[in-house]
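Spelled out, the chains give:
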Amino acid sequence: MDIINRLPEERYNEVDDLLTFVGIYDDEDRTRAYEAMLRRHRELIEGKVVLEAGCGLGVFSAEMARLGARRVYAVEVNPLLHALAAETVRGHSNVTLVQGDVRSFEPPEEVDLLVHDFFGQMLYDEELYVLDALRFRPARVLPDRALLRYGWARAESFCDDVVTPAVLKKLEGVLVSGLFEDEERYRFFRTAAEWSWPGGLLRQPNDLSGVGRPTDVLYFGLEVLDGEHLVGRSGCSANWTYVFTPRAGDRFSVDFEWNGRFMESVFQWI
Ligand SMILES: C[S@@+](CC[C@H](N)C(=O)[O-])C[C@H]1O[C@@H](n2cnc3c(N)ncnc32)[C@H](O)[C@@H]1O
């Protein structure tokens, strides 16, 4: 979904975010996996104070209310999503809906559990950084771990009549999501970066010297974890797709930089 008419910047950004984030509810596998995660941790919710950081439509806040939370703080920065979440949590008197940036929110009591989906396609290229800048310290965070994984393959196993090897070559240094079909569950061989709570982001060196030759496609994907339980994985959840780039060397770096609105990934062959 793209906005195609000119709008004032603020209106554009709030509608653009709304369209981006409502799209995640198409991914029913993700919704079911999150609900299963919440049920698995019922003891962290029942009778407890919980918070959903960036509650979107409020689906998981309502679920935690149903699972018996004493209080659910559902915090959403986007005014349009906040208004839609109000509909979802209507009737749950144990939910307090807050409109604003969770980084400036000061809960009036200790938070036992914080639930979020701040994961970007390349792990840290959306809002995970927000969790490093909270004014409170939740006792637990779920999901509490995610890996940016990668693998390599020969172009002929991906390329088709549209994205030919010649087209692929022109994309050197460019990360493209959805370049090839996500049908298969591609194998990951290595981890480029890992995020965990409370540890934060860790990047790994990426040196492919002597491995995977001759291959000409590199693909990245996400594994979202609750401890050892897999909550989502590229290729299984439509929300987290694979990201492809032509292989153009043996060593590369993946970094993340603030672009004024969100963290974006910075990728280069070294
Ligand atoms: C990927 S959606 C997840 C929505 C919901 N938690 C779910 O999993 O269905 C991320 C949500 O976080 C919101 N968000 C992003 N940054 C935020 C911030 N700093 N404070 C509060 N909400 C934020 C976005 O507007 C969006 O609704």
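Criteria and cut-off values
Residues numbered from 1 in each chain as written. Predicted model: local features only at pLDDT ≥ 70, side-chain atom pairs only at ≥ 80, totals over all residues. Domains from an automatic or database assignment. Contact = placed C-beta atoms within 7 Å. Nonpolar A, V, L, I, M, F, W, Y, C, P; charged D, E, K, R; others polar. Axes fitted to C-alpha atoms, helices over the stretch in contact; angles between N-to-C directions. Helix = DSSP H or I, 4+ residues; strand = E, 2+ residues; numbered from the N terminus. Parallel < 35°, antiparallel > 145°, perpendicular 65-115°, else oblique. Left-handed = near helix turned anticlockwise from the far one by under 90°. Core = buried A, V, L, I, M, F, W, Y, C linked by C-beta atoms within 7 Å. Buried ≥ 20, exposed ≤ 12 C-beta atoms within 10 Å, placed from the backbone. Pairing = 2+ DSSP bridges.

**A few points about the domain arrangement of the protein**
- Domain boundaries in the protein define domain 1 (9–117) and domain 2 (146–269).
- Spacing between the C-alpha centres of domain 1 and domain 2 amounts to 29 Å.
- Across the boundary between the two partners, domain 1 contributes eight residues, which contact eight residues of domain 2.
- For the side of domain 1 that touches domain 2, a count of residues per class yields four nonpolar, no polar and four charged.

**Concerning the packing of helix α2 (residues 28–40) against helix α3 (residues 59–66)**
- It is the contact of α2 with α3, at a shortest axis distance of 11 Å, that shows an interaxial angle of 30°. Comparing the axis directions of α2 and α3 gives the class roughly parallel. Seen along the crossing, α2 lies across α3 with a hand that is right-handed. Across the interface between the two elements, Thr31, Tyr34, Glu35 and Leu38 from α2 touch Val59, Phe60, Glu63 and Met64 from α3.
- Classifying every residue of the contact of α2 with α3 by side-chain character gives five nonpolar, one polar and two charged.

**Considerations on the nonpolar core**
- Ranked by size, the top nonpolar core spans 64 residues in total, and within it Val50, Ala74, Leu123 and Tyr219 carry the most contacts.
- For this core, the element with the highest residue contribution is strand β10 (residues 217–226), accounting for seven residues.
- Two domains each provide a minimum of three residues to this core, namely domain 1 (9–117) and domain 2 (146–269).
- The contacts of leucine 123, once residues within four sequence positions are left out, are Ala146, Leu148, Ala193, Trp195 and Leu222.

**Section: the packing of helix α1 (residues 9–22) against helix α4 (residues 79–89)**
- The contact between α1 and α4 brings their axes to 8 Å, and the two run at 50°. By the angle between their axes, α1 is oblique relative to α4. Each of Glu14, Leu18 and Phe21 in α1 lies in contact with α4, whose residues at this interface are Pro79, Leu80 and Leu81.
- Taken together, the residues that form the contact of α1 with α4 break down as five nonpolar, no polar and one charged.

**Some thoughts on the pairing of strand β14 (residues 263–269)**
- Of the pairings in the sheet, the one linking strand β13 (residues 252–258) to β14 comprises seven bridges and is antiparallel in character. Following the sheet pairing, glutamate 257 is matched in β14 by glutamate 264.
- From the end of β13 to the start of β14, which pair antiparallel, there are four residues, and glycine 260 there has a positive phi angle of about 105°.

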